[in-house]
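Chain by chain, the residues run as shown.
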Number of protein chains: 2
Amino acid sequence: MSRPLNDHDAIRTQLMDAAEDMVRARGAINLSLSEVAAACGMSQSSFYRYFASKEAFFEAIAGRWFEELNQIMEEVVASDLPPREKLYEFFARRVAIKRARFEADPVLFKANMDLGEEHWEVIRGYVDLADHYMAVILGEAMAEGYFPGYDLDHVVSLTNLIVQPFCNPFVMMDMIRTATPENLRIVINTLFDGLVARQTAVADGANVTPLRAIS
Amino acid sequence: MSRPLNDHDAIRTQLMDAAEDMVRARGAINLSLSEVAAACGMSQSSFYRYFASKEAFFEAIAGRWFEELNQIMEEVVASDLPPREKLYEFFARRVAIKRARFEADPVLFKANMDLGEEHWEVIRGYVDLADHYMAVILGEAMAEGYFPGYDLDHVVSLTNLIVQPFCNPFVMMDMIRTATPENLRIVINTLFDGLVARQTAVADGANVTPLRAIS
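Residues numbered from 1 in each chain as written. Chains lettered and ligands numbered in written order. Predicted model: local features only at pLDDT ≥ 70, side-chain atom pairs only at ≥ 80, totals over all residues. Heavy atoms only, no water.

1. Thoughts on the side chain of A:Gln164
As a reminder of what qualifies: Strands are runs of DSSP state E lasting at least 2 residues, helices are runs of H or I lasting at least 4, and numbering of each runs from the N terminus. Remark: exposure states derive from per-residue accessible area (1.4 Å probe, protein chains only) relative to the maximum for the residue type, with buried under 20%, exposed over 50%, and partly exposed in between. In protein, a polar contact requires one atom able to donate a hydrogen and another able to accept it; more generally it is a pair of N or O atoms within 3.5 Å, and residues adjacent in sequence count only if both atoms are side-chain atoms. Whether two residues are in contact is decided by their heavy atoms, any of which lying within 4.5 Å being enough.
Tracing the chain through its elements places A:Gln164 in helix α9 (residues 164-167). Residue A:Gln164 is classed as buried on the basis of its relative accessible area of 6%. Reaching out from A:Gln164, the side chain makes a polar contact with the backbone oxygen of A:Asn160 at a distance of 3.1 Å. Here A:Gln164 is in contact with A:Val171, B:Pro165, B:Val171 and B:Met175, once residues within four sequence places are set aside.

Structure follows, in structure tokens:
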């Protein structure tokens, strides 16, 4: 088998592609590095010239998966959109990519999600990074007077609760018909217009005149 | 093995309990009726005296799982609470039971969820029933002026999107720390206060003065 031995990155890519083929064909469980190496015509000890450890290999695979998604988050956060639009773009642009990946190859998508669950210690950093960027956007919204009565951590938790079908890939797959960009916009608008501390209502559990009836 | 041969229902219960033990021990995949029968000291042909088919057996197991949950839905819908409180109780009371079942035996809970995924044709009717009851409550809310500009089907879809961590057991398990009764109340309030059609905002994508700034 011919391979560009002088190109370290090309071989790394080739090994990751081979792993992807195996995950697609057999699922995520018990992916074997020696089989990945063999598929590229190399021994397991040669494999370690390209990835220092099994963990480094999965980190590189995850890095490839998240590269475009992270770039979107950075761009959206750095943009001068108003916070409401930023939050919409933050989810809409990434869910569009995830959905396209799912539709292009549902089996591979599902297997990659299982791979992520199996290597949660690698994925966790990406999830924390997304929470960090989301907190930046929600903090900007709070500086403009949104979500009065709530602290930032709570707003981050509440936002994560209501946007699950637009960020959790397992829920996205289940709700592919209703988790549309139009409905995401409505959910974000509902959050921005409706998340206002109503301490009396929480305390006594009574119904309260809706805000719009007052306006 | 002694069994109350004169008690048809008791033997049905015994067979369902045996199935539950097997699902707990080995997961939901490929549950074998002959093994369930053997665990209760009977042949597979005797088994069919108690359940007409494999499908009837799974329907009975699902019926047992959903009995209390369906009763809650009926009670809440029939109550004279205001719609906002009804919707809160509709989710809060059922998620409390699901959470208690999960915490009592996480392995069994997860295995039962997998069993449900495997027999989705049985579960589907229960999910549709829950949607029906939810639509009744949301329709009452609309009759009081909530969710202006939306039709009932759309409000049902949107509600399902934002309450996933409080009704989808897989999401509930993932978000057990933040899917609290307090946060459910906030999510329901956010829906009731914030879901108002904002056609200009949707059309031009511009930021819009929040409603509370007008009030």
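2. Let's talk about helix α6 (residues 106-118) of chain B
Residues and elements named next belong to chain B. Put simply, the rule reads: By definition here, a helix of n residues has an expected span of 1.5 Å times n minus one.
Across its 13 residues, α6 extends 18 Å between first and last C-alpha, which sits within 8% of the 18 Å expected from 1.5 Å per residue. Regarding α6, the residues found buried are Leu 108, Phe 109, Ala 111, Asn 112, Met 113, Leu 115 and Gly 116. Lining the buried residues of α6 we find α1 (8-26), α4 (54-78), α5 (83-104), α7 (120-143) and α10 (169-174).

3. Structural notes on the packing of α4(B) against α5(B)
Any two packed helices are characterised by how steeply their axes cross, that is the angle between the axes, and by the distance between the axes. Residues and elements named next belong to chain B. The line we're drawing: All axes are obtained by fitting lines to C-alpha atoms, using only the stretch in contact for helices, and the reported angles, taken between N-to-C directions, cover 0 to 180 degrees. What sets the label is the angle itself: under 35 degrees gives roughly parallel, over 145 gives roughly antiparallel, 65 to 115 gives roughly perpendicular, and the rest give oblique. With the far helix as reference, a near helix turned anticlockwise by less than a right angle produces a left-handed crossing, and one turned clockwise produces a right-handed crossing. Amino acids are sorted into nonpolar (Ala, Val, Leu, Ile, Met, Phe, Trp, Tyr, Cys and Pro), charged (Asp, Glu, Lys and Arg) and polar (every other residue, Gly among them).
Two elements in contact, α4 and α5, have axes whose closest approach is 9 Å; the angle formed by their N-to-C orientations is 160 degrees. The angle between the axes of α4 and α5 places the two elements in the roughly antiparallel class. Where α4 crosses over α5, the handedness of that crossing is right-handed. In this structure, α4 contributes Trp 65, Glu 68, Leu 69, Ile 72, Met 73, Glu 75, Val 76 and Val 77 to the contact, and α5 contributes Lys 86, Glu 89, Phe 90, Arg 93, Arg 94, Ile 97, Lys 98 and Arg 101. Residues of the contact of α4 with α5, tallied by class, amount to eight nonpolar, no polar and eight charged.

4. So, the domain arrangement of chain A
Residues and elements named next belong to chain A. The cut-off we apply is this: The domain boundaries here were taken from an automatic or database domain assignment. Each of two parts loses accessible area, computed with a 1.4 Å probe, when they are put together; buried area is these two losses added. Salt-bridge detection follows one rule: a side-chain nitrogen of Lys or Arg within 4 Å of a carboxyl oxygen of Asp or Glu.
Along its sequence, chain A is carved into domain 1 (1-51) and domain 2 (61-205). Taking only C-alpha atoms, the centre of domain 1 and the centre of domain 2 are 33 Å apart. Every contact between the two is made by eleven residues of domain 1 and, on the other side, ten residues of domain 2. When the buried area of domain 1 at its contact with domain 2 is split by residue, Met 16, Arg 24 and Ala 28 rank highest and sum to 54% of it. At the surface where domain 1 touches domain 2, the tally comes to three salt bridges. We note a salt bridge from Arg 64 to Glu 20, for which the minimum N-O separation is 3.7 Å.

5. Quick word on the nonpolar core
Condition: Nonpolar cores were defined as sets of buried Ala, Val, Leu, Ile, Met, Phe, Trp, Tyr and Cys residues, with membership established by side-chain atoms within 4.5 Å.
Counting residues in hydrophobic clusters, the biggest one holds 139 residues, and the most contacted among them are A:Leu15, A:Phe57, B:Leu15 and B:Phe57. The biggest single contributor to this core is α4(B), with twelve residues. Residues within four places of A:Phe57 in sequence aside, it is in contact with A:Leu15, A:Met16, A:Ala19, A:Leu33, A:Val36, A:Phe47 and A:Phe51. A:Phe102, A:Phe109, A:Met113 and A:Met173 belong to the second largest nonpolar core, which has six residues in total.

6. Section: unusual backbone geometry
The phi torsion at A:Phe147 lies on the positive side, around 60 degrees, for a residue other than glycine. Mapped onto the secondary structure, A:Phe147 falls in the loop between α7 (120-143) and α8 (152-162).

7. Here's the deal with the pattern of salt bridges
Residue and element names in this part refer to chain A. Following the criterion strictly, the structure yields 26 salt bridges over all chains and no others. Residues Arg 24 and Asp 21 are paired through a salt bridge, measuring 2.9 Å at the closest nitrogen-oxygen approach. Residue Arg 24 and its partner Asp 21 are both found in helix α1 (residues 8-26); the two are separated by three residues, about one turn of the helix. With relative accessibility at 31%, the residue Arg 24 sits in the partly exposed group. When salt bridges with common partners are traced through the structure, they connect Asp 17, Glu 20, Asp 21, Arg 24, Arg 64 and Asp 105 into a single cluster.

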